[in-house]
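Residue-level structural notes
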Amino acid sequence: MKLLTGNDLGSGDVVWWTGSGWSRDVKEAVDAGDGADAILKQEEAARRVNASYAVDAGSDGLPVHIKDRIRAAGPSVRKDLGVNPDIQLEKA
Amino acid sequence: MYQYDKYDQAIVDARVEEFRDQVRRRMAGEITEDQFKPLRLMNGLYLQLHAYMLRVAIPYGTLSSKQMKMLGHIARKYDRDYGHFTTRQNVQYNWIKLEDTPDILADLASVEMHAIQTSGNCIRNISSDQYAGAAADEVTDPRPWAELLRQWSTFHPEFSYLPRKFKIAVIASPEDRAAMRLHDIGIELVKKDGVLGARIFVGGGMGRTPMIAPEINPFVKADDLLSYLEACLRVYNRYGRRDNAYKARIKILIHEHGADNYRADVETEFAHVKTLDLDPPLAELERISAFFAAPAFDPNASDDVDRSDPDFAVWLDQNVKPHKAKGYAIVNIAVKPTGGIPGDATSDQIDLMADLALDYSFDELRVTHAQNIVLPHVKKSDLYAVWQKLDAAGLANANLDLVSDIIACPGLDYCSLANARSIPVAQKLSERFADLDRQRDIGELKLKISGCINACGHHHAGHIGILGVDKKGVENYQITLGGSGAEDVSIGKIMGPGFDQDGVVDAVERVIEKYREVREGDERFLDTYRRVGNDVFKEAVYG
């Protein structure tokens, strides 16, 4: 399973591909399947996302690597600032 | 403090408007991210893990209260109500919007500040001793020289595209409070037979290949300083490697080329540079120095301090340092609350520190490379009032230079380069050692944490250093022992296999308890380590 992520150009917010647009909430992200490269190219060109890339997701629908889980959750030391601060960061 | 002349202000204002247009063009799609990225980095704007991050330069760590207030204003208006003081004496904002950045830079320019040369392969913000102008042991105030170097290096056309970034520190005391020999160029101002000059150290640094800068010249006359530095940079610019970013710092050039060969090349270049008449006229030096004249200290200020409040007395002993003027003291505000985030201060805390500087410290503050704030000139009779106000704001932790006065980089909580989180480790350690009596019994102990090999948390220079690494997708922490960024500079050595986050806290505690067991007399941790060696601690941790 592949998720697409990047940052909103103007605000810099971390965003996730929902199939029809971008959301700050990783729980709205969908599997990009084989179309990842084409979607990223199209969305970057339209300036709807910046610094985008594809990440592997696990069975929980969340990124596998801790770096991207922190991007999805927000800083673990400032849970008041995160979008999904309760995401478990370490592998179960 | 230095005040911009019309040229300083004009170039900063022009830069703001130039960047405003660059942002507009990027938002309108007239330039790509590949074209825009180097432009935003030249204005201190990074794209980090969660958002854009703006790094604001604080030249040689010196601020007025008005400038500090502006930092609080920016945190409140454009960020999430806090700022982060860094190991480069700068401040960073973690949640900046691209579209707000031109207005932020305009606000900064209105108080003679900017974010220029806080990124890129140029000469970065000049760092210095946070006690400059106040320390009893300095041979001269290093800040006029740091300011001269700031002006020399700002937009220097020859040195805007060096092989890699370039960091310079200037001190003027035998006690090194600025990790001077861990910079690309370290300058120690000294006097020889009454003549002011500088010892020049070149090729230090941390990162993946830590090195202590060798002395390249034991005495460069102050009149020749700019020409000599120009020669140092020219030789690096000519021979520094551009084929491999990991081998591009000047420390690698000197390591591979040899300090003697580098020195000889610099001397040849220096002889040529001296013909170019680059050194500033005496009048310009005097103009700059006049801004740093000592404040009007009260000659009748008393050295007496009422120590009857025991909490105040502890803070006095730990965080307040001697001043060169009778009746005055240097106040260190440790931005290291128990369980808190090293270097983070809220907008209200920033405002309070600005107010204290205005009311009690001749309108001056300093940022330290240990992520703390200094009020450099406080009358001893005002210390209790200052302490009460700091205490009410959660800024009176009496832990300066103790085990909980931890340097930590932003780590994987914020930084896109990091491999592991640094801040949670710092928080757990400060909670483990929350008992101030225990900390004071342990004594001076510099604990420094980096979340990756780039070493922004200075772990190589920690008496105890912690390096976070990625071990098959899991955070892992290595301990180094025996480093120092002070005048007894050394690079820490890896103790053994790494630990998880809780394990490293336990391991550090075992190291410290072993030190308490084997120390002799007044030995600091570092002294004991150097006497007994690594194995004693390794045995205590790994069995």
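Residues numbered from 1 in each chain as written. Chains lettered and ligands numbered in written order. Predicted model: local features only at pLDDT ≥ 70, side-chain atom pairs only at ≥ 80, totals over all residues. Heavy atoms only, no water.

Some words on the overall build of chain A
On a plain count of helices and strands, chain A comes out with two helices and four strands. Traced from its N-terminal end to its C-terminal end, chain A shows the element sequence β-β-β-α-β-α. Along the first, second and third principal axes, the C-alpha atoms of chain A reach 35 × 30 × 20 Å. A total of 92 residues make up chain A; the buried ones form 52% of that total. If you take every contact in chain A between residues at least 6 apart in sequence, the share linking residues at least 24 apart comes to 46%. In the structure as shown, chain A presents an accessible area of about 4,300 Å², 47% of it carried by carbon and sulfur atoms. (Helix = DSSP H or I, 4+ residues; strand = E, 2+ residues; numbered from the N terminus. Buried < 20%, exposed > 50% of the residue type's maximum accessible area, 1.4 Å probe, protein only. Contact = heavy atoms within 4.5 Å. Areas by Shrake-Rupley, 256 points an atom, 1.4 Å probe, with all protein chains shown as cover.)

Comments concerning the sheet that holds strand β10 (residues 215-221) of chain B
All names here are of chain B. Pairing within the open sheet is mixed, and its five strands lie in the order β6-β7-β8-β9-β10. Each end of this open sheet is capped by a strand with a single partner; those strands are β6 (127-128) and β10. Note that strand β9 (residues 195-202) and β10 share four bridges and pair antiparallel. Within β10, the position partnered with A198 by the bridge is V220. (Pairing = 2+ DSSP bridges.)

Looking at the confidence of the model for chain B
Per-residue confidence for chain B averages 97 on the pLDDT scale, and 100% of its residues sit at or above 70. Scored as a complex, the prediction yields pTM 0.97 and ipTM 0.96. (pLDDT = per-residue confidence, 0-100.)

Details of helix α1 (residues 6-27) of chain B
Taking 1.5 Å per residue, 22 residues should reach 32 Å; α1 of chain B reaches 32 Å between its end C-alpha atoms and fits that length. Looking at α1 of chain B, one finds that the buried residues are D8, V12, R15, V16, F19, Q22, V23 and R26 of chain B. Projected down its long axis, α1 of chain B shows its buried positions confined to an angular sector of 130 degrees, all on one face. Along α1 of chain B, the residues that are exposed and aim more than 90 degrees away from the buried face are K6 and Y7 of chain B. Of the surrounding elements, those touching the buried residues of α1 of chain B are β4 (50-56) of chain A together with α2 (33-41), β1 (45-47), α4 (101-109) and α5 (143-153) of chain B. Put simply, D5 of chain B is the residue that caps the front of α1 of chain B, since its side-chain oxygen is 3.0 Å from the backbone nitrogen of Y7 of chain B. A positive phi of about 80 degrees marks G29 of chain B, the residue just after α1 of chain B. (Expected span 1.5 Å × (residues − 1). Arc of directions from axis to C-beta. Polar contact = N/O pair within 3.5 Å; in protein donor to acceptor, adjacent residues only side chain to side chain.)

Here's the deal with the side chain of E509 of chain B
Residue and element names in this part refer to chain B. In this fold, E509 is placed in helix α15 (residues 501-518). Engagement of the side chain of E509 in a polar contact is seen with the side chain of R432, the distance being 2.6 Å. Apart from the residues lying within four places of it in its own chain, the contact partners of E509 are R432, F433 and R438.

As for unusual backbone geometry
Residue and element names in this part refer to chain B. Of note, D277 is a non-glycine position whose phi angle comes to about 60 degrees, a positive value. Topologically, D277 is positioned in the loop between α8 (259-273) and α9 (282-290). Residue D277 is classed as exposed on the basis of its relative accessible area, which comes to 65%. Even without a glycine there, the phi angle at Q371 is positive, about 70 degrees. The exposure class of Q371 is buried, given its relative accessible area of 1%.

Re the interface of chain B and chain A
Taken together, the contact pairs 33 residues of chain B with 26 residues of chain A. Together chain B and chain A conceal approximately 2,300 Å² of surface at their shared face, both sides included; 54% is due to carbon and sulfur atoms. Summed over the shared surface of chain B and chain A, the result is zero salt bridges. Joining chain B to chain A, the criterion identifies eleven residue pairs in polar contact (both at pLDDT 80 or more). Of all the elements in the fold, those that place two or more residues in the side of chain B that touches chain A are α1, β5 (91-96) and α13 (423-432) of chain B. With three residues, the top contributor of residues to the side of chain B that touches chain A is α13 of chain B. (Buried area = accessible area lost by both parts, 1.4 Å probe. Salt bridge = Lys/Arg side-chain N within 4 Å of Asp/Glu carboxyl O.)

Re the pairing of β5 of chain B
Residues and elements named next belong to chain B. With respect to burial, β5 is a largely interior element, six of its six residues being buried. The sheet contact formed by strand β2 (residues 52-56) and β5 spans four bridges and is antiparallel. For R55, the partnering residue across the bridge sits in β5 and is Q92. Between strand β4 (residues 82-85) and β5, which pair antiparallel in sequence order, lie five residues; one of them, Q89, sits at a positive phi of approximately 60 degrees.

Side note on the pattern of salt bridges
Residues and elements named next belong to chain B. Scanning the model with the defined rule gives 60 salt bridges over all chains in all. Residue E17 pairs with R20 through a salt bridge whose shortest N-O separation is 3.3 Å. Of this pair, E17 and R20 both sit in helix α1, three residues apart, which is roughly one turn of the helix. In this structure, the salt-bridge partner of E284 is R287, at a minimum N-O distance of 2.9 Å. In this pair, E284 and R287 both sit in helix α9, three residues apart, roughly one turn of the helix. If you follow the salt bridges from partner to partner, you end up with R432, R438, D441, D506, E509, E513, R516 and R519 in one network.

Concerning helix α10 (residues 310-319) of chain B
Residues and elements named next belong to chain B. When we look at burial in α10, the residues that qualify are F312, A313, W315, L316, Q318 and N319. Tucked into the core, α10 has its buried residues touching β11 (320-322), β12 (328-333), α12 (383-392) and α14 (436-442). The residue sitting at the N-terminus of α10 and contributing the capping side-chain oxygen is D309; that oxygen lies 3.1 Å from the backbone nitrogen of D311.

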